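If you want the building blocks of each chain, they are given just below.
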Amino acid sequence: QSAVSYKVCASNVTRNSDSATLTTNSATFTGTSSSFSKIVISQLYGGGGNAGAQYTNDYIELFNRGASPVNISGWSVQYASSANNFSLKTDLTGTIQPGGYFLIQQASGGANGTLLPSPDIATGSINMSATAGKVALVTNSTLLTCGSAATPCTLASPIRDYVGFGAAASTYEGSGPSSSPSATN
């Protein structure tokens, strides 16, 4: 992979009663194009098989928003309940093409709903909550040791993407958790 450089400049103006001072600082960050996340969690569903469910299985869907194929072999998707550290995972194999989706079937909470479209991985066994929890996309298969309020995760290597959903989610990426899904969405 070839190196990509980004130059960031910051300016600060300090004013007093007689004059103004402009201070400018800059820094250059360099990394390979793989340093920047192209694969993201695009959808998740934890109501699989429950009463009123749209689908029989829970699922996690990934999306490649980049311009090149990405091999995700050796990566994992990991799950934590709303208040606890990550404790369950599904190991991944395969390649996601640019603009492509990757469907990972998980466990079922019952017999309600229709079958998922043909999943890329059908061996997931995570029984996700239909109302609150956390999902992380990780660039290795080692179970994370974070996720609770006492040991929050940061969006840094090996975590590629992170979603906390439902108001009870103790940690999340951004300013707050995603809204709670329902059995029908």
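Please refer to the structure placed before this passage.
Residues numbered from 1 in each chain as written. Predicted model: local features only at pLDDT ≥ 70, side-chain atom pairs only at ≥ 80, totals over all residues. Heavy atoms only, no water.

Participant: Which residues make up the nonpolar core, and what are the values?
Facilitator: Soluble globular proteins tend to bury their nonpolar side chains together. Ile-41, Leu-62, Ile-72, Leu-92, Val-135 and Leu-137 are the most contacted members of the largest nonpolar core, which has 21 residues in total. Breaking this core down by element, the ones donating at least two residues are β3 (39-45), β4 (59-64), β6 (76-81), β9 (101-105), β10 (133-138) and β11 (159-165). Ranked by the residues each element gives to this core, the list is headed by β3, at three residues. Once you skip the residues sitting within four places of it in the chain, Val-135 turns out to touch Ile-41, Leu-44, Ile-60, Gln-78, Tyr-79, Phe-86, Met-128, Asp-161, Tyr-162, Val-163 and Phe-165. Ala-80, Ala-136, Leu-144 and Ile-159 belong to the second largest nonpolar core, which has nine residues in total. (Core = buried A, V, L, I, M, F, W, Y, C linked by side-chain atoms within 4.5 Å. Buried < 20%, exposed > 50% of the residue type's maximum accessible area, 1.4 Å probe, protein only. Helix = DSSP H or I, 4+ residues; strand = E, 2+ residues; numbered from the N terminus. Contact = heavy atoms within 4.5 Å.)

Participant: Explain the pairing of β3 residue by residue, including any values.
Facilitator: Where burial is concerned, most of β3 is hidden: five out of the seven residues are buried. Two elements, β3 and β4, share six bridges in a ladder whose sense is antiparallel. Opposite Val-40, over in β4, you have Phe-63 as the bridge partner. (Pairing = 2+ DSSP bridges.)

Participant: How would you summarise unusual backbone geometry if you had to cite specific residues and measurements?
Facilitator: Residues Ser-157 and Pro-158 are joined by a peptide bond in cis, for which omega reads 10°. By secondary structure assignment, the location of Pro-158 is in the loop between β10 and β11.

Participant: I'd love a proper account of the packing of aromatic side chains, names of residues and values included.
Facilitator: Counting across every chain of the model gives five aromatic pairs. Centre to centre, the rings of Tyr-45 and Tyr-55 are 5.9 Å apart; their planes meet at 90°, and the pair counts as edge-to-face. Placement of the pair is Tyr-45 in strand β3 and Tyr-55 in the loop between β3 and β4, with a sequence separation of ten residues. Of the two residues, Tyr-45 and Tyr-55, neither departs from the other in class, the shared state being buried. The interplanar angle of 40° and the centroid separation of 4.7 Å between the aromatic rings of Phe-63 and Tyr-101 together place this pair among those described as tilted. Remark: Tyr-101 occurs in strand β9 and Phe-63 occurs in strand β4; sequence separation between them is 38 residues. An aromatic cluster is built from Tyr-45, Tyr-55 and Tyr-59, whose rings are joined through pairwise contacts. (Phe/Tyr/Trp six-rings, centres within 6.5 Å; stacked < 30°, edge-to-face > 60°.)

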